[in-house]
Amino acid sequence: QVQLVESGGGLVQAGGSLTLSCAASGRTYNMAWFRQTPWKEREFVAAISRGGNTYSIDSVKGRFTISRDNAKNTGYLQMNSLKPEDTAVYYCAATGSPRLLTTTDYPYWGQGTQVTVSS
């Protein structure tokens, strides 16, 4: 059983920064971050493979950086230049599958952490 524990969400002004962390138990998996608002389906944000290959959506490229520390079995999402439209609950997810881009690729999920960006 894999457990994912997120931390680092909060309230920040537009243009500010936050770093989300996702601590995983068990073996090392491919990891990703998704986000969800009440009016949208859960959306893929970024993923990182066990080997360090990264993928992200266009709207966060240049602003968000996904990384991981395999020794700590922890993933990170560094979010800079935050915008009000980044406001959402952010979820960490993990998978052993090489497919990384959709919610159905991930069997393991964290509880979510709220990120609110004020204008």
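Values in this document were obtained by computation on a predicted structure and should not be read as measured data. (Residues numbered from 1 in each chain as written. Predicted model: local features only at pLDDT ≥ 70, side-chain atom pairs only at ≥ 80, totals over all residues. Heavy atoms only, no water.)

## Quick notes on the environment of Val89
Next, step 1: Mapped onto the secondary structure, Val89 falls in strand S9 (residues 88–95).
Next, step 2: A residue is classified by how much of its surface remains accessible, and Val89, at 21% relative accessible area, is partly exposed.
Next, step 3: Considered as a pair, Val89 and Arg42 are 47 residues apart in the sequence and their alpha carbons are 9.1 Å apart.
Next, step 4: Residues contacting Val89, with those up to four places away along its chain left out, are Phe34, Arg35, Gln36, Gly112, Thr113 and Gln114. (Helix = DSSP H or I, 4+ residues; strand = E, 2+ residues; numbered from the N terminus. Buried < 20%, exposed > 50% of the residue type's maximum accessible area, 1.4 Å probe, protein only. Contact = heavy atoms within 4.5 Å.)

## Quick look at unusual backbone geometry
Peptide bonds are trans in most cases, and residues, glycine excluded, mostly fall at negative phi.
Next, step 1: Of note, Asn73 is a non-glycine position whose phi angle comes to about 55 degrees, a positive value.
Next, step 2: Mapped onto the elements of the fold, Asn73 is located in the loop between strand S7 (64–69) and strand S8 (74–79).
Next, step 3: With a relative accessible area of 10%, Asn73 lands in the buried category.
Next, step 4: For Ser81, which is not glycine, the phi torsion reads 50 degrees and is therefore positive.
Next, step 5: For Ser81, a relative accessible area of 39% puts it in the partly exposed group.

## Observations concerning the nonpolar core
Next, step 1: Counting 33 residues, the largest nonpolar core has Trp33, Val45, Phe64, Leu77, Met79 and Tyr90 as its most contacted members.
Next, step 2: Among the elements of the structure, strand S3 (18–24), strand S4 (30–36), strand S5 (43–48), S7, S8, S9 and strand S11 (113–118) are those that each provide at least two residues to this core.
Next, step 3: Residue contacts for Phe64: discarding those within four places in its chain leaves Arg35, Val45, Leu77, Gln78, Met79, Asn80, Leu82, Asp86 and Tyr90. (Core = buried A, V, L, I, M, F, W, Y, C linked by side-chain atoms within 4.5 Å.)

## Brief notes about the pattern of salt bridges
A side chain of one charge can pair with a side chain of the opposite charge when the charged atoms of the two come close.
Next, step 1: As enumerated under the stated definition, the model contains six salt bridges in all.
Next, step 2: One network of salt bridges, with partners in common, ties together Arg35, Lys40, Glu43, Arg63 and Asp86. (Salt bridge = Lys/Arg side-chain N within 4 Å of Asp/Glu carboxyl O.)

## Focus: the state of the cysteines
Next, step 1: Going through the model one piece at a time under the given rule, you end up with one disulfide.
Next, step 2: Bridging Cys22 to Cys92, the disulfide has an S-S length of 1.9 Å. Between Cys22 and Cys92, the S-S torsion sits near -75 degrees, and that sign places the bridge as left-handed. With Cys22 in strand S3 and Cys92 in strand S9, this pair connects stretches of sequence that are 70 residues apart. Summarising the burial analysis for this pair, Cys22 and Cys92 share the class buried. (Disulfide = S-S within 2.5 Å.)

## As for the pairing of S7
Next, step 1: Every second residue of S7 is oriented toward a common face, the buried set being Phe64, Ile66 and Arg68 and the non-buried set Thr65, Ser67 and Asp69.
Next, step 2: Strand direction decides the pairing type here: S7 and S8, joined by six bridges, are antiparallel. Within S8, the residue paired with Ile66 across the bridge is Leu77.
Next, step 3: Here S7 folds back onto S8, and the loop between the two strands holds four residues, one of which, Asn73, carries a positive phi near 55 degrees. (Pairing = 2+ DSSP bridges.)

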